[in-house]
Amino acid sequence: MKSNILYFFAIFSLLFLFGCLQNNANEKTKISAVANSVKYAKGLELYHYKGYTVMKVTKPWPEATAGFTYILKEKNGVLPDSLKQYSMISVPIQSIVVTSTTHIPALEMLGVENTLIGFPSTNFISSTKTRKRIENGKVREVGVNESLNTEVLIDMKPDAIVTFGINNNNSTIDNLKKSGLNVLINGDWTEQSPLGKAEWIKFFGALYGLDTKANTLFTSIETNYNNALALANKTTISPTVLSGAIYQDQWYVPQGQSWASLFLKDAKANYLWKESKGFGSLSLPFEKVFEKGQNAEFWVAPGDFSSLKQMSDSNIHYAEFASFKNKKVYSYAVNKGAKGGIIYFELASARPDLVLKDLIKIFHPELLPKYSPFFFIKLE
Amino acid sequence: MKTTNKNTLLFLTLIIGVVILFVLNISLGSINIPVKEVYQSLLHGSCSKESWNYIILNYRLPKAIVAILVGIGLSISGLLMQTLFRNPLAGPYVLGLSSGASLGVAVVILGAWLLPISLSEFFLSSFGIIIASSLGSFIVLVSVLVIAKRLRDTMAILIVGLMFGSLTSAIVGSLTYFSSAEQLQKFTFWSLGNLGNLTWNSIAILCFCVVLGLVLSVFSIKPLNALLLGENYARSLGINYKKTKYIILFATSILAGSITAFVGPIAFIGLAVPHIAKLVFQTSNHKILFWSTLLFGAIIMLICDSITQIPGTEIILPINAITSIFGAPIVIWLLVRKRKMMG
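Criteria and thresholds
Along each chain, the written sequence defines residue order, and numbers are assigned to residues from 1. All chains are assigned letters beginning at A, and all ligands numbers beginning at 1, according to the order in which they are written. Per-residue local features of the predicted model are confined to residues with pLDDT of at least 70, and side-chain atom pairs are confined, for both listing and counting, to 80 or more; whole-chain, interface and lining totals are unaffected and use all residues. A helix here means a DSSP run of H or I that spans at least four residues, while a strand means a run of E at least two residues long, and both kinds are numbered starting from the N terminus. Burial is judged by counting other C-beta atoms within 10 Å of a residue's own C-beta: 20 or more means buried, 12 or fewer means exposed, and anything between counts as partly exposed, with every C-beta placed from the backbone. By the convention adopted here, residues are in contact when the distance between their C-beta atoms, placed from the backbone, does not exceed 7 Å. Under the convention adopted here, Pro, Cys and the residues Ala, Val, Leu, Ile, Met, Phe, Trp and Tyr are nonpolar, Asp, Glu, Lys and Arg are charged, and Gly plus all remaining residues are polar. Strand pairing follows a simple DSSP-based rule, namely that at least 2 bridges must link the two strands. Axes here mean lines fitted to C-alpha atoms, for a helix over just the part in contact, with angles spanning 0 to 180 degrees between N-to-C directions. The term nonpolar core refers to a set of buried Ala, Val, Leu, Ile, Met, Phe, Trp, Tyr and Cys residues connected through C-beta atoms within 7 Å. Boundary definitions for the domains trace back to an automatic or database domain assignment. Multiplying 1.5 Å by the helix residue count minus one yields the expected span of that helix. Picture the helix axis, draw a direction to every C-beta atom, and the arc is the one those directions span. By convention, the crossing between two helices is left-handed when the near helix turns anticlockwise from the far helix through less than a right angle, and right-handed when the turn is clockwise. We call a crossover right-handed when, viewed with both strands directed away from the observer, the connection leading from the first strand over the helix to the second proceeds clockwise. Each angle gets one of four labels, with under 35 degrees taken as roughly parallel, over 145 as roughly antiparallel, 65 to 115 as roughly perpendicular, and the rest as oblique.

Regarding the overall build of chain B
For step 1, the next point in the chain: On a plain count of helices and strands, chain B comes out with 15 helices and zero strands.
For step 2, the next point in the chain: For chain B, buried positions account for 45% of its 343 residues.
For step 3, the next point in the chain: Considering only residue pairs separated by 6 or more positions, chain B has 79% of its internal contacts joining residues 24 or more positions apart.

Quick look at the structure:
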């Protein structure tokens, strides 16, 4: 009797599995009819059909088990029944609320910054173009950081709210969706490759029906990046590089596979923690960092400090590093917007070509004699 | 005579314990440095590797000294409070003194925009933060004392301490809404507790404050013994109660306030250590308790700090987590025991 049940169970699960496989296969053939137009970004897929676009955000947050699918419908576009289960947004949208400063450059590059009508904590925005609109009262405050003000948003009724999730618990987002607003989850921040992060401009391009423009913009960034990369490959020396800073006894350095570390690799630098596995940051005791990094030639991105004195005031141990003594410390925190926002945080993910050139200029100045750095400034 | 001998032996053990743990604390860390090199570095100021020498003399040594100062200061302030309130559950953390100090620091860091520029600049210097933090803990201490006089009930005082804790964290929470990311970061990191980032200058200031607090407490040893038997009894012995009370209050807030200002709020040391001293020495005489609490404070803080850096690994645990693991069971045990005695 028992074995019978087991047998039945085995058959059943096989059937079930087969069914699943077939379903998957069906879906794949359907989608592969149109090629995904995204090349580098791992968390974004775009499939253009006549009259509509299927946009998939496959990795909305690091531990996500499922993604989001959005159907961007053009005027007069006809949707097949199979897609009606997904959230549908009519494009091109006319008004938008975004929640991360990294979305601002994309809007400006596409030339649609005047459709931005709301942002949480507008003080973080540094771009002069958008700041001017804020000063003129064209961009409304919609909350503080991630905690969005639901009532204000319902009242504004933007065509799209682009936000991000940290994990599965997004009660605010659920609430907004319930009240009939179009909420889109953007996953650009989980992207690790420099070009992949920048490619998310296509996400906004699709929302505005500006796909061609987004493609052109991205292609030029891609070309610039690859040219810089080819330039860096000419050199054979790679100087040692230390990164990060101490916060309460812990020294945070980017992990080997992270966005920041990949830049250092592409700029032909020998980053001391390049071997570490992971996408976030490592927290290390001071002693370990000191032993390994005391004689590193360069120190890149030492937290939010904007002068050497500020650094040694905050922690006396910083002054013992060779890079500090030789004044070879470079920070992105010097360039700030009118309200104190760090420009690097806003713009760097959209302009990896500039970040890479900055770093090449630091490590191999002879390769870019005429270039003047945009983000990374030498600390004095 | 017998107990004197026993106590001398205990004291000797404790002193040797402090010395051994001090050396051990310096020898242990996330980097394995051979003990021989540690001695070389400590005794001759140099060892085979320059980076090791720096780590020992400028990182581990100051941290160990701070651990000792913090352990001594908090434990003594706990002892003073337990006697003054005649309450075994009194301590700088439990009664909300640390929260008061946090509030003081929060007001000057997060609420800097409320003050005129010249004042806010002063308060953001390290001296300013000490003053703000001592003032914060002094205000809480006085308020708790006033309320304690009316309530005369252990539980009620504890609850009042808890309320002060919630109140201050609520005020701090509201202040965070009006402050910049930079200020917020500064305050958050301060509030996590940290022994390892003090310059020799700050250590000198901290040392001065702790010694000042200790000297004041030494002068109060005799009146403290009398206070054990009650306010009226102390008065009948010719002790100036008011003056004693103010000296003790001042000493306690300067101890708890200055330590909290430099290393952030540290949990439970002030409450647990005096009890350990009382249990080991089986006495309520402050002449003995004072010194034993002082030594135990240094020992326990050195142990806690050694545990935070699990040797040879890259893991660092927050100091507050360790002291709470130490202290919280002691509080529970005390409450249970008290219930039993009453029942």
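Some words on the overall build of chain A
For step 1, the next point in the chain: Within chain A, the regular secondary structure consists of 14 helices and 19 strands.
For step 2, the next point in the chain: Principal axes of the C-alpha set define a box for chain A whose edges measure 70 × 65 × 40 Å.
For step 3, the next point in the chain: Looking at chain A residue by residue over its 380 residues, the buried ones come to 41%.

Quick word on the interface of chain A and chain B
For step 1, the next point in the chain: Residue-level contacts link 18 residues of chain A with 18 residues of chain B.
For step 2, the next point in the chain: When residues in the side of chain A that touches chain B are grouped by element, the largest group, five residues, is from helix H10 (residues 286–293) of chain A.
For step 3, the next point in the chain: Residues belonging to the side of chain A that touches chain B are distributed by class as follows: seven nonpolar, six polar and five charged.

A word on the pairing of strand E2 (residues 52–57) of chain A
Residues and elements named next belong to chain A.
For step 1, the next point in the chain: Burial of E2 is extensive: five of the six residues sit out of reach of the surface.
For step 2, the next point in the chain: When strand E1 (residues 44–49) meets E2, the two strands line up antiparallel, connected through six bridges. Bridging from a neighbouring strand, Leu44 pairs with Val57 of E2.
For step 3, the next point in the chain: In sequence, E1 turns back onto E2 through a hairpin of two residues, with Gly51 there showing a positive phi of about 90 degrees.
For step 4, the next point in the chain: In the sheet, E2 pairs with strand E3 (residues 68–73) via six bridges, with the strands oriented antiparallel. Looking at the pairing, Tyr52 lines up with Lys73 of E3.

Topic: the sheet that holds E3 of chain A
All names here are of chain A.
For step 1, the next point in the chain: Here four strands make up an open sheet; going across it, the order is E1-E2-E3-E4 and the pairing mixed. For this open sheet the edge positions go to E1 and strand E4 (87–90), each flanked by a neighbour on one side alone. On average, each strand axis in the sheet is inclined to that of its neighbour by 20 degrees, with strand direction left out of account.
For step 2, the next point in the chain: Inspection of the sheet shows E3 paired to E4 by four bridges, in the parallel sense. Directly across from Leu72, in E4, lies its bridge partner Ile89.

Topic: the nonpolar core
For step 1, the next point in the chain: The biggest cluster of nonpolar side chains holds 193 residues, and the ones touching the most others in it are Ile201 and Leu359 of chain A together with Val70 of chain B.
For step 2, the next point in the chain: Sorting elements by how many residues they give to this core places helix H3 (residues 50–84) of chain B first, with 17 residues.
For step 3, the next point in the chain: Of the residues that make up this core, three or more belong to each of domain 1 (91–222) and domain 2 (234–378) of chain A.
For step 4, the next point in the chain: In this structure Val70 of chain B touches Leu195, Ile259, Val263, Ile266 and Met301 of chain B, once residues within four positions along its chain are discounted.

Here we look at the domain arrangement of chain A
Residue and element names in this part refer to chain A.
For step 1, the next point in the chain: Entries for chain A in the domain assignment read domain 1 (91–222) and domain 2 (234–378).
For step 2, the next point in the chain: Spacing between the C-alpha centres of domain 1 and domain 2 amounts to 28 Å.
For step 3, the next point in the chain: With 21 residues of domain 1 in contact, the opposing surface of domain 2 contributes 21 residues.
For step 4, the next point in the chain: Among the secondary structure elements, those contributing two or more residues to the side of domain 1 that touches domain 2 are helix H2 (103–110) and helix H6 (194–198).
For step 5, the next point in the chain: Along the lines of polarity and charge, the residues of the side of domain 1 that touches domain 2 split into eleven nonpolar, seven polar and three charged.

Considering the sheet that holds strand E14 (residues 250–254) of chain A
All names here are of chain A.
For step 1, the next point in the chain: An order of E13-E14-E16 is seen for the three strands of this open sheet, with the pairing classed as antiparallel. Lying at the two open borders of the sheet, with one neighbouring strand each, are strand E13 (245–247) and strand E16 (281–285). Ignoring which end each strand starts from, the neighbouring axes of this sheet average 40 degrees apart.
For step 2, the next point in the chain: Taken together, the five bridges between E14 and E16 define a ladder with antiparallel strand orientation. Bridge assignment links Pro254 to a residue of E16, and that residue is Ser281.
For step 3, the next point in the chain: Each of E13, E14 and E16 is contacted by H10, which is oriented at about 95 degrees to E16, the strand it contacts most.

Section: unusual backbone geometry
Residue and element names in this part refer to chain A.
For step 1, the next point in the chain: Cis rather than trans, the peptide bond between Val91 and Pro92 has omega equal to -5 degrees.
For step 2, the next point in the chain: Structurally, Pro92 is set in the loop between E4 and strand E5 (96–98).
For step 3, the next point in the chain: The phi dihedral of Ala301 falls on the positive side, at around 55 degrees, and the residue is not glycine.
For step 4, the next point in the chain: For Ala301, the position within the fold is in the loop between strand E17 (298–300) and helix H11 (308–314).

Let's talk about helix H8 (residues 211–232) of chain A
All names here are of chain A.
For step 1, the next point in the chain: In this model H8 runs 31 Å from its N-terminal to its C-terminal C-alpha over 22 residues, within 8% of the 32 Å that 1.5 Å per residue would give.
For step 2, the next point in the chain: The set of residues buried in H8 consists of Ala214, Leu217, Phe218, Ile221, Tyr225, Ala228 and Ala232. Taken down its axis, H8 places every buried residue within 90 degrees of arc, on the same side. What points out from H8, more than 90 degrees from its buried face, is the exposed set Thr212, Thr216, Thr219, Ser220, Thr223 and Ala230.
For step 3, the next point in the chain: Lining the buried residues of H8 we find H2, H6, helix H7 (201–207), helix H9 (259–266) and helix H14 (352–363).

What to know about helix H9 (residues 200–219) of chain B
All names here are of chain B.
For step 1, the next point in the chain: In this model H9 runs 29 Å from its N-terminal to its C-terminal C-alpha over 20 residues, within 8% of the 28 Å that 1.5 Å per residue would give.
For step 2, the next point in the chain: Of the residues making up H9, those classed as buried are Leu206, Cys209, Val210, Gly213 and Ser217. Viewed end-on, H9 has its buried residues packed into an arc of 90 degrees, placing them on one side of the element. Facing away from the buried side of H9 by more than 90 degrees, the exposed set consists of Trp200, Asn201, Ala204, Phe208 and Val215.
For step 3, the next point in the chain: Tucked inside the fold, the buried residues of H9 contact H3, helix H12 (241–263) and helix H14 (286–308).

With respect to the packing of H3 of chain B against H12 of chain B
Residues and elements named next belong to chain B.
For step 1, the next point in the chain: Packing of H3 against H12 leaves a shortest axis separation of 9 Å and a crossing angle of 145 degrees. The crossing of H3 and H12 is left-handed. Contacts between H3 and H12 pair Val66, Val70, Gly73, Leu74, Ile76, Ser77, Leu80, Met81 and Leu84 from the former with Lys245, Ile248, Ala251, Thr252, Leu255, Ala256, Ile259 and Val263 from the latter.
For step 2, the next point in the chain: In terms of residue class, the contact of H3 with H12 is built from 13 nonpolar, three polar and one charged.

Comments concerning the pairing of strand E6 (residues 116–119) of chain A
All names here are of chain A.
For step 1, the next point in the chain: Direction of pairing for E5 relative to E6: parallel, over a ladder of two bridges. Across the sheet, the residue bridging to Val97 is Gly118, located in E6.
For step 2, the next point in the chain: Between the parallel elements E5 and E6, the chain passes through H2 in a crossover that is right-handed.
For step 3, the next point in the chain: As defined by bridge partners, E6 adjoins strand E7 (residues 140–141) across two bridges and the pair is classed as parallel. Opposite Phe119, over in E7, you have Glu141 as the bridge partner.
For step 4, the next point in the chain: In the classification by handedness, the crossover that spans E6, the intervening helix H3 (residues 128–135) and the parallel E7 is right-handed.

Some words on the environment of Asn285 of chain B
Residues and elements named next belong to chain B.
For step 1, the next point in the chain: You can see Asn285 is positioned in the loop between helix H13 (269–281) and H14.
For step 2, the next point in the chain: Given 13 C-beta atoms within a 10 Å radius, Asn285 is considered partly exposed.
For step 3, the next point in the chain: Taking the C-alpha atoms as reference points, Asn285 and Leu74, 211 residues apart in sequence, are found 19 Å from one another.

Observations regarding the packing of H3 of chain B against H14 of chain B
All names here are of chain B.
For step 1, the next point in the chain: Relative orientation of the contacting elements H3 and H14 amounts to 135 degrees, with a least axis distance of 7 Å. Comparing their axes, H14 and H3 come out oblique. Handedness of the H3/H14 crossing: right-handed. Taking contact as the criterion, the partners of Lys63, Ala64, Ala67, Ile68, Val70, Gly71, Ile72, Leu74, Ser75, Ile76 and Leu79 in H3 are, on H14, Leu289, Phe290, Thr293, Leu294, Phe296, Gly297, Ala298, Ile300, Met301, Leu302 and Asp305.

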